[in-house]
Amino acid sequence: MTQYKFLFNSILGFIFALLSFESLAFSSVAIVKGHSQATFYSSYNFETQKEANKNAIAGCREQAKKSGLENLAKNCVVVEESNVPGYGAVACGDHCAWALGYFDANEAKQAAYFACSESYQNCNETDIKNWEDFKGFKGFKKVDSPINIQNNTQETRL
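What you are looking at is a predicted structure, and each value in this text was computed from that prediction instead of being measured. (Residues numbered from 1 in each chain as written. Predicted model: local features only at pLDDT ≥ 70, side-chain atom pairs only at ≥ 80, totals over all residues. Heavy atoms only, no water.)

*Asks:* What exactly am I supposed to notice about the environment of Asn45 here?
*Replies:* Mapped onto the fold, Asn45 is located in strand β2 (residues 41-46). Of the residues examined, Asn45 reaches a relative accessible area of 28% and is grouped as partly exposed. Each C-alpha atom of the pair Asn45 and Phe26 lies 5.6 Å from the other, and the pair is 19 residues apart in sequence. In this structure the side chain of Asn45 is engaged in a polar contact, spanning 3.3 Å, whose partner is the backbone oxygen of Glu132. (Helix = DSSP H or I, 4+ residues; strand = E, 2+ residues; numbered from the N terminus. Buried < 20%, exposed > 50% of the residue type's maximum accessible area, 1.4 Å probe, protein only. Polar contact = N/O pair within 3.5 Å; in protein donor to acceptor, adjacent residues only side chain to side chain.)

*Asks:* Just checking my understanding: could you explain the state of the cysteines for this structure?
*Replies:* Should the sulfur atoms of two cysteines be covalently bonded, the bond is a disulfide. A complete count under the given rule lists three disulfides for this structure. Between the sulfur atoms of Cys60 and its disulfide mate Cys76 the distance is 2.1 Å. Here Cys60 and Cys76 share a disulfide; its torsion about the S-S bond, -80°, makes the bridge left-handed. Of the two residues, Cys60 sits in helix α3 (residues 49-66) while Cys76 sits in the loop between α3 and β3 (77-82), which places them 16 residues apart along the sequence. (Disulfide = S-S within 2.5 Å.)

*Asks:* Help me out: how do you make sense of the side chain of Thr39 in this one?
*Replies:* As for its placement among the helices and strands, Thr39 is situated in helix α2 (residues 36-39). Accessibility expressed as a relative area gives 0% for Thr39, which makes it buried. Within the local environment of Thr39, its side chain forms a polar contact with the backbone oxygen of His35, the two atoms lying 2.7 Å apart. When near neighbours in sequence (up to four residues on either side) are disregarded, Thr39 contacts Ala30, Ile31, Val32, Cys60, Gln63, Ala64 and Leu69. (Contact = heavy atoms within 4.5 Å.)

*Asks:* Sorry, what's going on with the packing of aromatic side chains here?
*Replies:* One pair of aromatic rings is described through two measures. These are the centre distance and the angle between the planes. Scanning all chains against the criterion turns up three aromatic pairs. A ring pair is formed by Phe40 and Trp98, whose centres lie 5.5 Å apart and whose planes are at 50°; its orientation type is tilted. You can see Phe40 sitting in the loop between α2 and β2 and its partner Trp98 sitting in strand β5 (residues 96-102), a full 58 residues away along the chain. The burial state of Phe40 is the same as that of Trp98; both residues are buried. (Phe/Tyr/Trp six-rings, centres within 6.5 Å; stacked < 30°, edge-to-face > 60°.)

*Asks:* Explanation requested: the side chain of Ser28 in the structure shown.
*Replies:* Structurally, Ser28 can be placed in strand β1 (residues 26-31). A polar contact is formed between the side chain of Ser28 and the side chain of Gln49, at a distance of 2.9 Å. Once residues lying within four places of it in the same chain are set aside, the contact partners of Ser28 are Tyr41, Ser42, Ser43, Gln49, Ala52, Asn53, Ala56, Val78, Glu80 and Glu81.

Following this line, the structure appears as structure tokens:
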């Protein structure tokens, strides 16, 4: 009986590992340092980190050009990488701050605003961009737990 339980648990663990691996979505944030508000670009829901990074750099360069910073577009760099599913958001003031891996859009927006206002001046409370990183994994549900999953949240301030 114990052998069957062990075999069953091993197979079940393997299946869950495969399902977890399949549900990863990769995201990146790219900016021109010192010009994050004008060049910020988030790239999300990609199959690989390399694809997400490439898209983030391309988006950052486009944002730089739209903002009249054509000469700085080549300086776009990836400043954040993630494979944590959930919602992300960016809040900007004098500079931008972002948060990744939240259960819902409002939590992500609040975290981004808090990170921005904690480090920078003039953070905008209302025009906070957000996105969801699920790679077709809709329905990412909040678990009722006394421990907040924000341990998996990544926040970066530049």
